[in-house]
Amino acid sequence: MPRFLSTPLIQHGPGSLAELGGIIQSLGGGRVGLITDPGLVKAGICERVVQAAGDLADDIVWFDGAEPEPSYELVGRCVAFLRDEHCQVVIGLGGGSALDTAKMSAVMVGNEGDVSDYFGAGRVPRPGLSSIAIPTTAGTGSEVSPAAVFVDPRDGTKKGVRSDYVQPKAAILDPELTLGLPQALTASTGIDALTHAIECYTARAATLIGDMTAERAIALIGEHLPVAYADGANLVARDGMLMGSLIAGMALAIANVGAVHALAQALGGSHHVHHGMANSLLLPYVMEFNRMACRGKYARVAALLGEPVAGLSENAAAERAVAAVRQLTIDLQLPQHLRELDIPEDALDDVAERTIATQGRIATNNPRAMSVEDARAILRAAY
Ligand SMILES: [Fe+2]
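This structure is a prediction, so every number in the text was calculated from the model and none was measured.

Engineer: Explanation requested: the overall build of the protein chain in the structure shown.
Structural biologist: Scanning the protein chain for helices and strands turns up 15 helices and 9 strands. Scaling as 2.2 N^0.38, a compact globule of 383 residues should have a C-alpha radius of gyration of about 21 Å, and the protein chain matches this with 20 Å. Its C-alpha atoms give the protein chain principal-axis dimensions of about 60 × 45 × 40 Å. Taken over 383 residues, the protein chain has a buried fraction of 59%. Of the contacts formed within the protein chain by residues at least 6 apart in sequence, a portion of 77% connects residues at least 24 apart. Carbon and sulfur atoms make up 52% of the accessible area of the protein chain, which amounts to about 14400 Å² in all. In the protein chain, 29 positive and 43 negative side-chain charges are present, and the distance between their average locations comes to 6 Å.

This is the structure:
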C-alpha cells in the first residue's frame, strides 16, 4: 500500500549547521560517533561540524574510514568503533556512501550478526542508535531514505537494506558545506538526484505524494544544477541543489527507482563505476527505451526542465525530455559512452545478466518491462 515515511526533522538553509548541538540534545545527547571519509577531515569540514556542536563538541569522536562504493564489511568496523566509544548518537557526514555507512552502522549497534543477514526489505528486527545525516553532496537523498546500499564482496554485486530503522532521525542540509564540491562531483551527484526524480516519477510504484515531490525536484535540479556546476560558489544554486536532492530523495523513499539504477548498480558492483556517473551515462539511453511506456509523464518532465513543449504532440514532447536530459549531461561534461570508462565490451553480457538476476526489485519497478536482451541492447547502445 502507498505510504510516506521521511526523516522527522529536516533542518536546512545556509548556516543550518549551527543547529547541530540542539539536535544532538533532542536525541538524548551522550557520546556521539561521527562517520565520515578522510577527504572531509583533510578539507577541514569534519572539524567545522564538530565545532558547530558548541558545548557538545567534546562529546564527538570520529571515524574517518568511510569509502566510496562501500563493502558491507566496512560497517562491521564502524560498529566496533561505536561500541568501543560507547556512542549513543551517530552522525553521518559526507556523500551517500558515508551516510549509508553511518545509518547502517547505527542500526547494527542494536542488532546481531552482520549487514549481509539483513539484505532486502523489512528484515532488520530491532532499532539501533539514532542517526543524524549531514550531506556534503547534493545527490543521493540518503538523508531521507530508509535504505542503505553496499557491495557484497562475495559476488561483487550491490545490495540494499531497506528498513524503517535505517531512516535517520534528523538531517541538516547546509549548502555552505557543499561550496567546495568539485565540478565533476557536482555534475555526477546532481544527475544522480535527477535520476531519482525521473525514475520515481515514472515508476510502477509511483504515488501521488511521490509524483508531487518528483515534479518539484526535477524543476529545482533543472534550474540549479547548471548554475551550481558553472559557479560552485553560488550559494543560491547550491541550496537549490540540496533541496532538489532532498526532495528527490523523498520521492525515492516512496516510489523507488528503476532500470537506470538497476543497470548502474550492476555496473558499480563489478566495475567500480561511480554511482552518479553510471546513472548519468545510462539515463538518456534508458529514457529512450522507456519513452513508449510513459509519454505523458516524459512530456511533463520536458516542461519541468524548461523545454518549449506548447503545441507539441505528447510523443514529441516526450522526445524533448530525452534530448534535454542528454544535453544536460553533455553540458556538464559527463562521459557519454561506457567505453570511456574502461569497461571491456565483452563484459556487457555479464552486466546485463547480473542486472536481471540481482536487481530484480528495482528492475521490475521500471515502467517498461526489461528482459536480459533489453538490458543488453541498452548497454550496447550506451557503449
Ligand atoms: Fe542513486
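Engineer: Would you explain the domain arrangement of the protein chain in this entry?
Structural biologist: Taken domain by domain, the protein chain holds domain 1 (9–178) and domain 2 (183–382). Centre-to-centre, using C-alpha coordinates, domain 1 lies 25 Å away from domain 2. On the side of domain 2, 29 residues touch domain 1, which itself brings 26 residues to the contact. Taking both sides of the interface into account, the surface hidden between domain 1 and domain 2 amounts to around 2300 Å²; carbon and sulfur atoms contribute 62%. Of all residues in domain 1, the largest losses of buried area upon contact with domain 2 belong to Ala138, Lys158 and Arg162, amounting jointly to 25% of the total for that side. Secondary structure elements with two or more residues in the side of domain 1 that touches domain 2: strand S1 (9–12), strand S7 (147–152) and strand S8 (157–162). Here the side of domain 1 that touches domain 2 gets 3 residues from one element, more than from any other, and that element is S8. Of the residues assigned to the side of domain 1 that touches domain 2, the class counts are 10 nonpolar, 10 polar and 6 charged.

Engineer: Where do I start with the coordination of the iron ion in this structure?
Structural biologist: Under ideal tetrahedral coordination, the four donors around a metal are separated by 109.5 degrees; under ideal octahedral coordination, the six donors are separated by 90 or 180 degrees. Coordination sphere of the iron ion, protein contribution only: Asp192 (OD), His196 (NE2), His261 (NE2) and His275 (NE2), at 2.1 to 2.2 Å. For the iron ion, the single-chain donor residues occur in sequence as D-x3-H-x64-H-x13-H. Of this pair, histidine 196 sits in helix H6 (residues 183–201) while histidine 275 sits in helix H10 (residues 275–290), placing them 79 residues apart in sequence. Each member of the pair, histidine 196 together with histidine 275, is buried.

Engineer: Would you explain the sheet that holds strand S6 (residues 130–135) in this entry?
Structural biologist: By way of backbone hydrogen bonds, the strands of a sheet pair with one another, either parallel or antiparallel. Ordered by their spatial adjacency, 6 strands build an open sheet running S1-S9-S6-S4-S2-S3, and the pairing between neighbours is parallel. Unpaired on one side and paired on the other, S1 and strand S3 (60–63) mark the two borders of the sheet. The mean inter-strand angle of the sheet, taken between neighbouring strand axes irrespective of direction, is 20°. Here 4 bridges tie strand S2 (residues 32–35) to S3, and the two strands are oriented parallel to one another. When the sheet's bridge partners are listed, valine 32 is paired in S3 with isoleucine 60. Set on the sheet, helix H3 (residues 45–52) makes contact with S2, S3, strand S4 (89–94) and S6; between it and S3 the angle comes to about 160°. Relative to S4, helix H5 (residues 96–108) is tilted by about 170°, and along the sheet it contacts S2, S4 and S6.

Engineer: When you look at the side chain of arginine 162 in this model, what are you seeing that I'm missing?
Structural biologist: By the secondary structure assignment, arginine 162 is in strand S8. Buried and without a salt bridge, arginine 162 has aspartate 164 as its closest oppositely charged side chain, separated by 7.2 Å.

Engineer: Before we go on, may I ask you to explain the pattern of salt bridges in this structure?
Structural biologist: Side chains that carry opposite charge are capable of pairing whenever their charged atoms lie near each other. The full count for this structure, using the stated rule, is 18 salt bridges. Here aspartate 100 makes a salt bridge to lysine 103, at a shortest N to O gap of 3.7 Å. Of this pair, aspartate 100 and lysine 103 both sit in helix H5, separated by 3 residues, roughly a single helical turn. Under the relative-accessibility criterion, aspartate 100 is labelled buried at 10%.

Engineer: Can you walk me through the sheet that holds S7 in this structure?
Structural biologist: Taking strand neighbours across the sheet as the criterion, the 3 strands line up as S5-S8-S7 in an open arrangement whose pairing is mixed. The open sheet has two edge strands, strand S5 (120–121) and S7, and neither has a second partner. Where S7 and S8 come together, 6 bridges link them in antiparallel fashion. Looking at S8, one finds that phenylalanine 150 is bridged to lysine 159. Each of S7 and S8 is contacted by H5, which is oriented at about 100° to S7, the strand it contacts most.

Engineer: Teacher, can you tell me more about the pairing of strand S9 (residues 170–173) here?
Structural biologist: Successive residues of a regular strand alternate their side chains across the two faces of the sheet. Neither face of S9 is exposed, since Ala170 and Ile172 on one face and Ala171 and Leu173 on the opposite face are all buried. Pairing of S1 with S9, which is carried by 4 bridges, proceeds in the parallel orientation. Bridge pairing in S9 places glutamine 11 opposite isoleucine 172. Here S6 runs beside S9; their pairing, made up of 2 bridges, is parallel. Along S9, the bridge assignment pairs isoleucine 132 with alanine 170.

What counts, and at which threshold
Residues numbered from 1 in each chain as written. Predicted model: local features only at pLDDT ≥ 70, side-chain atom pairs only at ≥ 80, totals over all residues. Heavy atoms only, no water. Helix = DSSP H or I, 4+ residues; strand = E, 2+ residues; numbered from the N terminus. Rg over C-alpha atoms; globule rule 2.2 N^0.38 Å. Buried < 20%, exposed > 50% of the residue type's maximum accessible area, 1.4 Å probe, protein only. Contact = heavy atoms within 4.5 Å. Areas by Shrake-Rupley, 256 points an atom, 1.4 Å probe, with all protein chains shown as cover. Lys, Arg positive; Asp, Glu negative; His and termini not counted. Charge placed at Lys NZ, Arg CZ, Asp CG, Glu CD. Domains from an automatic or database assignment. Buried area = accessible area lost by both parts, 1.4 Å probe. Nonpolar A, V, L, I, M, F, W, Y, C, P; charged D, E, K, R; others polar. Donors = N, O, S within 2.8 Å, 3.2 Å for Na, K, Ca; no water. Pairing = 2+ DSSP bridges. Axes fitted to C-alpha atoms, helices over the stretch in contact; angles between N-to-C directions. Salt bridge = Lys/Arg side-chain N within 4 Å of Asp/Glu carboxyl O.

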